[in-house]
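Each chain is listed here by its residues.
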Amino acid sequence: MTPDILVKNVALWGTAGLSDLGIANGRFVSIDPAGAPATAALTLDAEGRLAVPGFVEPHIHLDKALISERAPVNISGTLTEAIEILWEIKRNYKVEEIADRASRVLARALENGISRLRTHVDVDPIGGTRPAEGLIRARERFRELMDIQIAAFPQEGIVKSSGTEALMREVMKRGVDVVGGMPFNEESPADSRRHIEIVFEIAREFDADIDMHVDETDDPLARTLEVLAELTIKNGWQGRVTAGHTCALASYPRDYADHVIGRLREADINMIANPATNLMLQGRLDDYPKRRGVTQVKELLAAGVNVACGQDCVHDTFYPFGQNDPLEIAFLLCHASHMSQPAEIQTVMDMVTTNGARALRVPGFAVTVGTVADLVVLDARDAREALSTRLPRRFVIRKGKLIAESHLESRRSFDIPSMPAP
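What comes next is a walk through the structure. These numbers come from a predicted model, not from an experiment.

It is worth spelling out the overall build of the chain at this point. For the chain, the helix and strand inventory stands at 13 helices and 16 strands. At 22 Å, the chain has a C-alpha radius of gyration in line with the 22 Å of a compact globule built from 422 residues. By its C-alpha atoms, the chain is 65 × 60 × 45 Å across when sized along the principal axes. A buried classification covers 57% of the 422 residues belonging to the chain. In the chain, of all internal contacts separated by at least 6 residues, the share reaching a separation of at least 24 is 76%. When the accessible surface of the chain is summed, it comes to about 17,700 Å², and 52% of that surface belongs to carbon and sulfur atoms. Side chains of the chain give 48 positive and 60 negative charges; the mean places of these two sets differ by 2 Å.

Turning our attention to unusual backbone geometry. Going from tyrosine 288 to proline 289, the amide bond is cis rather than trans, its omega being 0°. Of note, the phi angle at aspartate 215 is positive, near 50°, even though the residue is not glycine. Mapped onto the elements of the fold, aspartate 215 is located in the loop between β10 (210-214) and α6 (224-234). Classification of aspartate 215 by relative accessible area gives buried; the value is 1%. Phi is positive for histidine 338, which is not a glycine, with a value near 55°.

When you line up the elements, valine 176 lands in the loop between α4 (164-174) and β9 (178-181). The exposure class assigned to valine 176 is buried, which follows from its relative accessible area of 5%. Taking the C-alpha atoms as reference, valine 176 lies 37 Å from aspartate 382; in sequence the two are 206 residues apart. Non-local contacts of valine 176, meaning those with residues more than four positions away in its chain, are made with Ala132, Ile136, Ile150, Ala151, Ala152 and Val171.

Attention now moves to helix α2 (residues 95-111). Taking 1.5 Å of rise per residue, the 17 residues of α2 would be expected to cover 24 Å, and the 25 Å separating its terminal C-alpha atoms lies within 8% of that figure. For α2, every residue scored as buried is listed here: Val95, Ile98, Ala99, Arg101, Ala102, Ser103, Val105, Leu106, Ala109 and Leu110. Where α2 is buried, its residues meet β6 (55-60), β7 (114-122), α3 (130-141), β8 (147-153), β15 (395-398) and β16 (401-405). Glycine 113 occupies a position one or two residues after α2 and carries a positive phi of about 95°.

Core analysis: the biggest nonpolar cluster contains 106 residues, and Met271 and Met349 have the highest contact counts within it. If we ignore the near neighbours within four places in the chain, the residues touching methionine 349 are Trp13, Leu50, Phe55, Leu327, Leu378, Ala383, Ala386 and Leu387. Counting residues in each nonpolar core, the second largest holds 16 residues, with Ile23, Ala46, Leu375 and Ile397 among its members.

Under the defined criterion, the tally for this structure stands at 37 salt bridges. Linking aspartate 122 and lysine 90 is a salt bridge whose minimum nitrogen-to-oxygen distance equals 3.0 Å. With aspartate 122 in strand β7 and lysine 90 in helix α1 (residues 79-91), the pair connects residues that are 32 residues apart, well separated along the chain. According to the relative accessible area criterion, aspartate 122 is buried, its value standing at 2%. Judged by its relative accessible area of 1%, lysine 90 is buried. Here arginine 169 ties to glutamate 205 by a salt bridge, and the two come within 2.8 Å at their closest N and O atoms.

This paragraph deals with the environment of glycine 370. Here glycine 370 lies in the loop between α12 (354-359) and β14 (375-377). Overall, the relative accessible area of 38% leaves glycine 370 in the partly exposed class. In sequence terms glycine 370 and serine 30 are 340 residues apart; their C-alpha atoms lie 8.6 Å from each other. Apart from the residues within four sequence positions on either side, glycine 370 is in contact with Arg27 and Phe28.

The strands that make up a sheet are held in pairs by hydrogen bonds between backbone atoms, and each pair lies either parallel or antiparallel. Taken in spatial order, the eight strands line up as β6-β7-β8-β9-β10-β11-β12-β13 in an open sheet, and their pairing is parallel. Every interior strand has two partners, whereas the edge strands, β6 and β13 (307-309), have only one. Shown here is a sheet whose adjacent strand axes are inclined to one another by a mean of 25°, direction ignored. In the packing of helix α5 (residues 189-206) onto the sheet, contacts are made with β9, β10 and β11 (241-245), and the angle to β9 comes to roughly 175°.

Burial analysis of strand β1 (residues 5-12) places six of its eight residues in the buried class, the great majority of the element. In terms of strand pairing, β1 meets strand β4 (residues 42-45) through four bridges, oriented parallel. Its bridge partner lying in β4, leucine 6 is registered against threonine 43. With four bridges joining them, β1 and strand β2 (residues 19-24) adopt antiparallel strand pairing. Bridge pairing in β2 places valine 7 opposite leucine 21. As defined by bridge partners, β1 adjoins strand β5 (residues 50-52) across two bridges and the pair is classed as parallel. Looking at the pairing, leucine 12 lines up with alanine 51 of β5.

Turning to the pairing of β8, a few remarks are in order. Along β8, six of the seven residues are buried, which leaves the element largely enclosed by surrounding structure. Relative to β8, β7 runs parallel, the two sharing seven bridges. Within β8, the residue paired with arginine 118 across the bridge is glutamine 149. The pairing of β8 with β9 spans two bridges and is parallel. Considered in β9, the bridge of alanine 151 is made with valine 178. Taken together, β8, α4 and β9 form a β-α-β motif whose crossover is right-handed.

About the criteria used
Residues numbered from 1 in each chain as written. Predicted model: local features only at pLDDT ≥ 70, side-chain atom pairs only at ≥ 80, totals over all residues. Heavy atoms only, no water. Helix = DSSP H or I, 4+ residues; strand = E, 2+ residues; numbered from the N terminus. Rg over C-alpha atoms; globule rule 2.2 N^0.38 Å. Buried < 20%, exposed > 50% of the residue type's maximum accessible area, 1.4 Å probe, protein only. Contact = heavy atoms within 4.5 Å. Areas by Shrake-Rupley, 256 points an atom, 1.4 Å probe, with all protein chains shown as cover. Lys, Arg positive; Asp, Glu negative; His and termini not counted. Charge placed at Lys NZ, Arg CZ, Asp CG, Glu CD. Expected span 1.5 Å × (residues − 1). Core = buried A, V, L, I, M, F, W, Y, C linked by side-chain atoms within 4.5 Å. Salt bridge = Lys/Arg side-chain N within 4 Å of Asp/Glu carboxyl O. Pairing = 2+ DSSP bridges. Axes fitted to C-alpha atoms, helices over the stretch in contact; angles between N-to-C directions. Right-handed = clockwise from strand over helix to strand, strands pointing away.

Structure representation (structure tokens):
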């Protein structure tokens, strides 16, 4: 078989040496040592650059993305004010406008090499089903280019927000994939527990995975993460539950943190760190020393818990920046979690690729003969260089088609000065 695409001299993530990859009919059909004779309709020379099987974005809010273009400024910079600003905006949402904003962010995500993505979508009586309808419409536009999961997110609570539980069931019927939650945003610990119980009831009804915003607070007395682990085991949902943010874990005393991390491992819960947003929002009202809110990444990894990291917000009331670029988020996580050693940098690259794929339960996420031909060739030789430079992706191949490429050119009109002879 003559390949449709031949990618030469590529350094595959997790392997030694360089390879030549043959792609035909949307799948990898050959993986040979570099230099093996072969021809193809299109030949791309990676010139020794590093390649991954696509990036995974496990936690983003596309319904809110780019809303800062017309939203008031979050004066306090807090999570609470960010949510309150959105109330009036959500009352006036239009389905097509939501789909258009989401589509702009998804187009950038494709250029950055993201092939799998999970987005949360607000579900509450303020916006009704319109946010979910907008993201379902955007998902349909990108169906052939990106695998998109949508999680129903009751940001305003379930117990204290009358009508939200029914709306969550309604959007699940309309095509939302995952059941979300935000249990700490209830009036009492008992209501927080009931919030989590309702999420499991809906998940069992629709045979769906769960992805919750958990303890997104600096408060060391927040305890919904342990309840989530307990109910995951009770419901037999191990491996199907993800917890995002978990900022309070960073404020727990060591003995209680170790206890909770052990329960998370027992429950096989996936954890998502969101360094950009949480570094921006958490500790806003602290005097020094300030809490920064990024969850205990190293400790979770050491315990064998699967940890990925996500963008969370793009130009909204919570966070004014964001390119939906996994390399940017990984770079921030290296700093926030002190991941600077060579092995740790490798682990952070796993967090935006294979770990994210595991959290989303993506099958066949690898460059092997027979798998779907997804490949992102980075403009770097290794993970450290990729995170340091965060250059545009050299080639992005999705389902066996070249969908994006970049060529970096620079010129200088000086020579590097040499040291004078001693």
